[in-house]
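Each chain, letter by letter, is given below.
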Amino acid sequence: MRKIDDTILYLSPYFWPEDIGSAPYCTELACFLSSRGCRVSTVAFRPHYPNTDSFTEWEDGQRDQEYLDGISIERVAVTARGSGGFKERLRNDFRYLRYLLFGAIRGRYTANSIIAYVPSVLTLYGAKVVKIRSGARIVAVVHDIESGLAASLGIAKSRIMIRLMQAVERWGLNFADEVIVLTLGMKEELEAIGCKRPITVLSIWGKVFNDVPIAPEKRPILMYSGNFGKKQNLDQLLPILERLACGNLPVDVVMRGDGSERDRIEAEMASRGISNVTFLPLAPSEYFLESLQSANIHLVPQALNVANYALPSKLFSIMSAGRPFVCIAEPDSPLDRIARESGAGICAPSSDSNLAFEMISDLLADPKRQREMGLNGRRYIENNMNRDDILGKYEALALGGDRTRTAAADAQR
């Protein structure tokens, strides 16, 4: 194996042991770079997403300095999500930035390359100070476009606030030497707000798991698994699930996860008399695959007008597990395109709950089609989202210069 004498400062607010959202992908790339011979130092929040219940070992700072697979991790204190909404999240982001700035000014960070994840865009301001002192290369990896989400979800309620957020993003992204996004739509949005740096579209990667066919004799399960937040707009599932319950269709609904919207959604389902639904916490990471494969069909809802600002990573885990999905999203959105290109899912617009109900009902009644779509998803992951190829491309972009050509050549072998 080629060894790289390189030091990477890895600015990933969301990191191991969190196992939802961006954290598993941030962690896997860091571990890959470490296995390739890079010296990786990570600055992350104390784990808290979607809540702190599973992370009591970290909450008082007992593990603010630790290691994972050779990666040095520093933890930043954080307030639990949901306790103060957008303002509390912003305070957390500034707390993270302040930690980085103090460390950079004191010369604690030395690196050849800096990988900075968005959210939060403030990581790029800390990265800039480190770059001034060390000359390090900055690679921004954008998982969410925060100004677009804030505008679409009504978090930012004035044009002045949205423009201020866009200005902060524009300045921060233009500090970077390279910018990586997940979809073409995200690239176009960043260019529209004034990002002038080279932007590369790199998909999230996947790895297929052992094939576990759906047992045709068991009562079918329809599952939502993930964060209960505004980006998902779980309200759009309510009329669909209400009709499934009232129609006495033979299906159990499982809602797994947590987040700021869970209590409200659970209360709303109870008030509507949706009796065939069970709410569960997220499955522990060691049982995550088993949880996904326990369902016949997965629901992947997305709030209106957020398609170009975020991509639900759970989608690729579902496909890797060999299960079909029904997404509630805008026509021709990334979710809709992936559903059509892969043959692993179907998409209904959020404005047409009748169509979504019919799609789900038809698919529930057709185990053979469920099986075919699940296999289509596995094939799509194998053919288009090869883990080693994509991680090799991340490595090449992170290292830059002559190392880029070497790493890119290695990735092709």
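Note that the structure is predicted; figures quoted are calculated from it, not measured.

## What about unusual backbone geometry?
In this structure, the amide linkage connecting Val118 to the following residue, Pro119, adopts the cis form with an omega of 15°. When you line up the elements, Pro119 lands in the loop between β5 (113-118) and α3 (123-134). Note that the residue after Pro119, namely Ser120, is joined by a cis bond; omega there is 5°. Mapped onto the elements of the fold, Ser120 is located in the loop between β5 and α3. A positive phi angle, close to 65°, is found at Asp332, a residue other than glycine. Looking at the secondary structure, you find Asp332 in the loop between β13 (325-328) and α11 (334-342).

## Comments concerning the sheet that holds strand β6 (residues 137-142)
The sheet built from eight strands is open, its strands ordered β3-β4-β2-β1-β5-β6-β7-β8 with mixed pairing. Strand pairing shows two members of the sheet lacking a second neighbour, β3 (65-68) and β8 (199-201), which therefore form its edges. Averaged over neighbouring strand pairs, the angle between their axes works out to 20° when direction is ignored. In this sheet, β5 lies alongside strand β1 (residues 7-11) in parallel orientation, the contact comprising four bridges. Bridge pairing in β5 links Tyr10 to Ile115. Helix α1 (residues 23-35) contacts β1, β2 (39-45), β3, β4 (71-76) and β5 of the sheet and is inclined by roughly 175° relative to β1. Its contacts with the sheet place helix α6 (residues 184-192) against β6, β7 (178-181) and β8, and it is angled at close to 165° to β8.

## Regarding the confidence of the model for the chain
Per-residue confidence for the chain gives a mean pLDDT of 89; residues scoring 70 or more make up 94%. With pLDDT under 50 throughout, residues 402-413 is counted as low confidence; its partners more than four residues away or in other chains account for 15 contacts.

## Some details on the pairing of strand β9 (residues 221-227)
Each regular strand shows side chains that alternate between the opposite faces of the sheet. Burial within β9 is extensive, with seven of its seven residues counted as buried. Looking at chain direction, β9 and strand β10 (residues 252-258) are connected through seven bridges and run parallel. Counted as the bridge partner of Ser225 is Arg256 from β10. Between the parallel pair β9 and β10, the chain is carried across by helix α7 (residues 238-246), and the sense of this crossover is right-handed. Pairing of β9 with strand β12 (residues 297-301), which is carried by two bridges, proceeds in the parallel orientation. Paired with Leu222 across the strands is Ile297, a residue of β12.

## Side note on helix α14 (residues 387-399)
Spacing of three or four residues puts side chains on the same side of an α-helix, whose turn is 3.6 residues. For α14, which comprises 13 residues, the first-to-last C-alpha distance of 18 Å matches the rise-based estimate of 18 Å (1.5 Å per residue) to within 8%. Among all positions of α14, only Ile390, Leu391, Gly392, Tyr394, Glu395, Ala396, Leu397, Ala398 and Leu399 are buried. One side-chain oxygen at the N-terminal end of α14 lies 3.1 Å from the backbone nitrogen of Asp388; it belongs to Asn386. Once α14 finishes, Gly400 follows within two positions and takes phi at roughly 70°, a positive value.

## Details of the layout of surface pockets
Taking a probe equal in size to a water molecule and rolling it over the atoms shows the remaining empty space. Approximately 300 Å³ is the volume found for the second largest pocket. What lines the second largest pocket is a set of 15 residues, among which Leu182, Thr183, Ile338, Glu341 and Tyr380 lie closest to the centre. Elements represented by at least two residues in the lining of the second largest pocket include exactly α11 and α13 (367-384). With four residues, α11 is the largest single contributor of residues to the lining of the second largest pocket. Classifying every residue of the lining of the second largest pocket by side-chain character gives ten nonpolar, three polar and two charged.

## As for the pairing of β13
Burial along β13 is two-sided: the face carrying Phe325 and Cys327 and the face carrying Val326 and Ile328 are both buried. In this structure, β12 lies alongside β13, joined through four bridges in parallel fashion. Paired with Val300 across the two strands is Cys327, which belongs to β13. This β-α-β element, β12 to helix α10 (residues 314-320) to β13, shows right-handed connectivity. Relative to strand β14 (residues 345-348), β13 is paired through four bridges, and the arrangement is parallel. When the bridges of β14 are listed, Ile328 appears paired with Ala348. Tracing the backbone out of β13, into α11 and back to the parallel element β14 gives a crossover that is right-handed.

## A look at the packing of α7 against helix α12 (residues 353-364)
Between two packed helices, the angle of one axis relative to the other and the distance separating the axes together describe the packing. Where α7 meets α12, the closest approach of the two axes is 9 Å, and the angle between their N-to-C directions is 50°. Between α7 and α12, the interaxial angle falls into the category oblique. Read as a crossing pair, α7 and α12 show a hand that is right-handed. Residues Pro239, Ile240, Arg243 and Leu244 of α7 form the contact with α12, whose participating residues are Ser353, Asn354, Ala356, Phe357, Ile360, Ser361 and Leu364.

Parameters and conventions
- Residues numbered from 1 in each chain as written.
- Predicted model: local features only at pLDDT ≥ 70, side-chain atom pairs only at ≥ 80, totals over all residues.
- Heavy atoms only, no water.
- Helix = DSSP H or I, 4+ residues; strand = E, 2+ residues; numbered from the N terminus.
- Pairing = 2+ DSSP bridges.
- Axes fitted to C-alpha atoms, helices over the stretch in contact; angles between N-to-C directions.
- Contact = heavy atoms within 4.5 Å.
- pLDDT = per-residue confidence, 0-100.
- Buried < 20%, exposed > 50% of the residue type's maximum accessible area, 1.4 Å probe, protein only.
- Right-handed = clockwise from strand over helix to strand, strands pointing away.
- Expected span 1.5 Å × (residues − 1).
- Polar contact = N/O pair within 3.5 Å; in protein donor to acceptor, adjacent residues only side chain to side chain.
- 1 Å grid on protein atoms, 1.4 Å probe; cavity = no way out; pocket = protein on both sides within 12 Å on 5 of 7 lines; lining within 4 Å.
- Points joined across faces, edges and corners; volume = space filled by probe spheres on them.
- Nonpolar A, V, L, I, M, F, W, Y, C, P; charged D, E, K, R; others polar.
- Parallel < 35°, antiparallel > 145°, perpendicular 65-115°, else oblique.
- Left-handed = near helix turned anticlockwise from the far one by under 90°.

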